[in-house]
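Below, each chain spelled out in residue letters.
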Amino acid sequence: MFVQEEKIFAGKVLKIHICTMDGTEWLEEVTEDTTVEKLKERCLKHYVHGSVEDPKTLTHHKLIHAATERVLTDTKTVADENLKDKDVLLLIKKRPPPTAPKMAEVSTDEKKKQDNKAPDKDAILKATASLSTRHTDRTVTQHNIRDFQTELRKILVSLIEVAQKLLALNPDAVELFKKANAMLDEDEEDRVDETALQQLTEMGFPESRAIKALRLNHMSVTQAMEWLIEHVDDPSIDTPLPGQDSSGAAGATAAAAAAPTPSTSASASASSSSEESSRQDELTEIFKRIRRKREFRPDSRAVIALMEMGFDEKEVIDALRVNNNQQDAACEWLLGDRKPSPEDLDKGIDTNSPLFQAILENPVVQLGLTNPKTLLAFEDMLENPLNSTQWMNDPETGPVMLQISRIFQTLNRT
């Protein structure tokens, strides 16, 4: 019996499952040495029911291994592609490459781009040659657009002076400021960050020490923790801050000094001038006490870091005060023109300016200036600008700050 030579030397016969995109399925029997191109040709003949006349038909299709999502290479054999018996292949037509645009279309697109292109300097000068020249000082124009945070400090300085004068006219001014002083103590107690305090106590630090450390380090957990570690052997670590243990005694002393006695009441008409002087002195002392509580405390780590750069301690503290304890900004201030200066921080706004007059004429502001808490808020924001948000959200001081902001923005735009 005669047997064809190719069948004698043929490899193992595999049954491959073929699928097309329209759902047609069939089995193709191939040997391991069959090329992918030959297998694809047989699949196309079966799929189109005849011979593949157009040679491009082969190149426009591809076989994909369904399990691995691989595109099979035409020049490789079935064995090279590691196909197994009963593997599934997908016969898919390749996507045609994008047609190149015609020359007419290219020129149209280029023309559109040219039409949409911004004019150059020469085109602008040519188009505006007939317009009259106007000299505008850009520096002055830019300077007039004032920053609210920069101007707010000047506004607050001037409003504090007005508030002090208004409250001094009140016969009960001393009592009012005693209440304000007590209110200040309450605010300081309430202002301890509960989350920061919890983090420190969970580390094992006593609550009283943690509160003291947070107040000394502006509620910074990291700096407070470092302070606690550095002062763990300090004998005075548990000593309360001066404002905490003496405020009650100071308030009691001031209250005793201000409490009317029968003898002073009997001779009130005879010694009105001396009482007025005494009341003003006591009021001044309370103002000083409030300011001492709000005095600026520089960040100790920032002070050390800047002094290590070679700057003097006084100028470092000035830089941190001007830049709200921000070390990087303070460094730039020290290396720059040092504007604004520390003295500028205490300068108020021109009291005759339209802005200040508009603020004073506002009924909400007028009413707020008679409230001791408003004066406290102004003092606090001067020394701690970061506390502005707290006072903006306060039901008593918030409306005053909102009116000041609105008036500034309105006049700044006009």
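Residues numbered from 1 in each chain as written. Predicted model: local features only at pLDDT ≥ 70, side-chain atom pairs only at ≥ 80, totals over all residues. Heavy atoms only, no water.

## Digging into the overall build of the protein
Moving on, step 1. Regarding its fold elements, the protein presents 23 helices and five strands.
Moving on, step 2. Nonlocal contacts in the protein, meaning residues at least 24 apart in sequence, comprise 60% of its contacts between residues at least 6 apart.
Moving on, step 3. When the accessible area of the protein is evaluated, it comes to approximately 26800 Å², of which 53% is carbon and sulfur surface. (Helix = DSSP H or I, 4+ residues; strand = E, 2+ residues; numbered from the N terminus. Contact = heavy atoms within 4.5 Å. Areas by Shrake-Rupley, 256 points an atom, 1.4 Å probe, with all protein chains shown as cover.)

## Description of the nonpolar core
Moving on, step 1. Core analysis: the biggest nonpolar cluster contains 26 residues, and I155, L159, L355, I359, F378, M381 and I404 have the highest contact counts within it.
Moving on, step 2. Contributions of two or more residues to this core are made by α7 (148-168), α19 (354-360), α21 (372-383) and α23 (398-413).
Moving on, step 3. With residues up to four places along the chain from it excluded, the contact list for L159 reads F356, I359, L360, L369, F378 and I404. (Core = buried A, V, L, I, M, F, W, Y, C linked by side-chain atoms within 4.5 Å. Buried < 20%, exposed > 50% of the residue type's maximum accessible area, 1.4 Å probe, protein only.)

## A short note on the pairing of strand β1 (residues 13-20)
Moving on, step 1. Here β1 pairs with strand β2 (residues 25-31) via seven bridges, running antiparallel. Bridge pairing in β2 places L14 opposite V30.
Moving on, step 2. If you look at the hairpin formed by β1 and β2, you'll find four residues sitting between the two strands, and G23 has a positive phi there, around 100°. (Pairing = 2+ DSSP bridges.)

## A word on unusual backbone geometry
Moving on, step 1. With a phi angle near 60°, E69 is a residue other than glycine that sits in the positive phi range.
Moving on, step 2. Topologically, E69 is positioned in the loop between β3 (61-65) and β4 (70-71).
Moving on, step 3. For E69, a relative accessible area of 67% gives the class exposed.

## Thoughts on α23
Moving on, step 1. In this model α23 runs 23 Å from its N-terminal to its C-terminal C-alpha over 16 residues, within 8% of the 22 Å that 1.5 Å per residue would give.
Moving on, step 2. Burial in α23 covers these residues: G398, V400, M401, Q403, I404, S405, I407, F408 and N412. (Expected span 1.5 Å × (residues − 1).)

## Considerations on the pattern of salt bridges
Moving on, step 1. Tallied over the full model, the rule gives ten salt bridges.
Moving on, step 2. Here K314 and D318 are joined by a salt bridge, their closest N and O atoms 3.1 Å apart. Of the two residues, K314 and D318 are both situated in helix α17 (residues 313-322); the distance of four residues between them amounts to about one turn of the helix.
Moving on, step 3. The class of D318 is buried, set by a relative accessible area of 18%.
Moving on, step 4. A salt bridge links D394 to K373; its shortest N-O distance comes to 2.9 Å. With D394 in the loop between α22 (388-392) and α23 and K373 in helix α21, the pair connects residues that are 21 residues apart, well separated along the chain. (Salt bridge = Lys/Arg side-chain N within 4 Å of Asp/Glu carboxyl O.)

## With respect to the pairing of strand β5 (residues 88-93)
Moving on, step 1. Relative to β5, β1 runs parallel, the two sharing four bridges. In the strand pairing of β5, C19 is matched with L90.
Moving on, step 2. When β3 meets β5, the two strands line up antiparallel, connected through five bridges. Paired with H61 across the strands is K93, a residue of β5.

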